[in-house]
Amino acid sequence: QKEVEQNSGPLSVPEGAIASLNCTYSDRGSQSFFWYRQYSGKSPELIMFIYSNGDKEDGRFTAQLNKASQYVSLLIRDSQPSDSATYLCAVNRETGGYNKLIFGAGTRLAVHP
Amino acid sequence: EAGVVQSPRYKIIEKKQPVAFWCNPISGHNTLYWYLQNLGQGPELLIRYENEEAVDDSQLPKDRFSAERLKGVDSTLKIQPAELGDSAVYLCASSLTSGSMNEQFFGPGTRLTVL
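Before going into details, it helps to say that this report is about the structure given with it. (Residues numbered from 1 in each chain as written. Chains lettered and ligands numbered in written order. Predicted model: local features only at pLDDT ≥ 70, side-chain atom pairs only at ≥ 80, totals over all residues. Heavy atoms only, no water.)

## Some details on the interface of chain B and chain A
Every contact between the two is made by 25 residues of chain B and, on the other side, 20 residues of chain A. Overall, the association of chain B and chain A removes approximately 1,700 Å² of surface from exposure, summing both partners, and the carbon and sulfur fraction of that is 55%. Our count for the contact surface shared by chain B and chain A stands at zero salt bridges. Linking chain B with chain A are four residue pairs in polar contact (both at pLDDT 80 or more). (Contact = heavy atoms within 4.5 Å. Buried area = accessible area lost by both parts, 1.4 Å probe. Salt bridge = Lys/Arg side-chain N within 4 Å of Asp/Glu carboxyl O. Polar contact = N/O pair within 3.5 Å; in protein donor to acceptor, adjacent residues only side chain to side chain.)

This is the structure in structure tokens:
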């Protein structure tokens, strides 16, 4: 079992719809969780992070965390074609007093007009 | 403010040749990371520096890979000799510190092709 698992997609949604991206993780001790967006041929850029159970909203993006179920998700409201990218879930793991990000393989999102 | 700078952006070499990648982090960022990203996968950490000290190099294949950050600013990652399986994108990232909430900023990456 991979430490961070994501559906590879592609997830295809129409413009204006809600895109729901999911991620599960195996380390119960993980405390912080990150969503990165990566356009094709570009480097990852942080969208948001979350560390408390529940929802965290930032503009059109909402991150949801359920530590009991070891599940984190990202909702994108009013999806736009410019949101088409790969979304990487990353989980922080503390190792030897230092923090290490473990990335999932990413989910490819395609928003069609 | 300038972002993370990496060079070269692309490199094509033949197997068994050496190759080096350079990274200049965001000014003031003490923590520097080198990641490897294969096609269709997420980045995997190779090595992390806190200033000039390598504090996590457990995933670095030390028989052929080496890295340095001599003055605690820019860094070089070297592969010698390169193998076909080393073809990937090598990403450098930096953050202010290595705290659990710290945002990592990624450079544009170096795409390595080994023939």
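Let us keep going from here.
## Digging into the packing of aromatic side chains
The final tally for this structure, using the stated rule, is 10 aromatic pairs over all chains. With centroids separated by 6.2 Å and ring planes inclined at 20°, the aromatic side chains of Phe49(A) and Tyr51(A) adopt a geometry described as stacked. Looking at Tyr51(A), the relative accessible area reads 42%, which means it is partly exposed. Ring geometry for Tyr33(B) versus Tyr35(B): centroids 6.1 Å apart, planes at 25°, classification stacked. An aromatic cluster is present here, built from Tyr36(A), Phe103(A), Tyr33(B), Tyr35(B) and Phe106(B) joined pairwise through their rings. Lys56(A) extends its terminal NZ or CZ atom over the ring of Phe49(A), reaching a point 4.1 Å from the ring centre. (Phe/Tyr/Trp six-rings, centres within 6.5 Å; stacked < 30°, edge-to-face > 60°. Buried < 20%, exposed > 50% of the residue type's maximum accessible area, 1.4 Å probe, protein only. Lys NZ or Arg CZ within 6 Å of the ring centre and 35° of its normal.)

## Here we look at the nonpolar core
Counting 24 residues, the largest nonpolar core has Trp35(A), Val72(A), Leu74(A), Ile76(A) and Tyr87(A) as the members making the most contacts within it. In this structure Leu74(A) touches Ala19(A), Ser20(A), Leu21(A), Trp35(A), Ile47(A), Met48(A), Phe61(A), Thr62(A), Ala63(A) and Tyr87(A), once residues within four positions along its chain are discounted. Judged by nonpolar contacts, the second largest core, of 22 residues, contains Tyr49(B), Leu77(B), Cys92(B) and Val114(B). (Core = buried A, V, L, I, M, F, W, Y, C linked by side-chain atoms within 4.5 Å.)

## Things to note about the state of the cysteines
Throughout the structure, instances matching the rule amount to two disulfides over all chains. Each sulfur of the disulfide joining Cys23(A) and Cys89(A) lies 2.1 Å from the other. Between Cys23(A) and Cys89(A), the disulfide has an S-S torsion of -70° and is therefore left-handed. Here Cys89(A) lies in strand β9 (residues 85–95) and Cys23(A) lies in strand β3 (residues 19–25), a separation of 66 residues in the sequence. Covalent S-S linkage joins Cys23(B) and Cys92(B), the inter-sulfur distance amounting to 1.9 Å. In this structure the cystine formed by Cys23(B) and Cys92(B) twists about its S-S bond by roughly -70°; its chirality is therefore left-handed. Taken together, the residues Cys23(B) in strand β3 (residues 19–24) and Cys92(B) in strand β9 (residues 88–95) connect sequence positions 69 residues apart. (Disulfide = S-S within 2.5 Å. Helix = DSSP H or I, 4+ residues; strand = E, 2+ residues; numbered from the N terminus.)

## Examining the environment of Ile12(B)
Residues and elements named next belong to chain B. Residue position: Ile12 is located in strand β2 (residues 10–13). Judged by its relative accessible area of 61%, Ile12 falls in the exposed class. In this structure, Ile12 is in contact with Thr113 and Leu115, ignoring residues within four places of it in sequence.

## Describing the pattern of salt bridges
All names here are of chain B. Considering all chains together, one arrives at eight salt bridges over all chains under this definition. When the shortest N-O distance is used, the salt bridge between Glu83 and Arg64 registers 3.3 Å. Placement of Glu83 in the loop between β8 (75–79) and β9 and of Arg64 in the loop between β6 (53–56) and β7 (65–68) is noted, with a sequence separation of 19 residues between them. Relative accessible area serves as the criterion here: at 41%, Glu83 is assigned to the partly exposed category. The exposure class of Arg64 is buried, given its relative accessible area of 12%. It is possible to trace a salt-bridge network through shared partners that takes in Arg64, Glu83 and Asp86.

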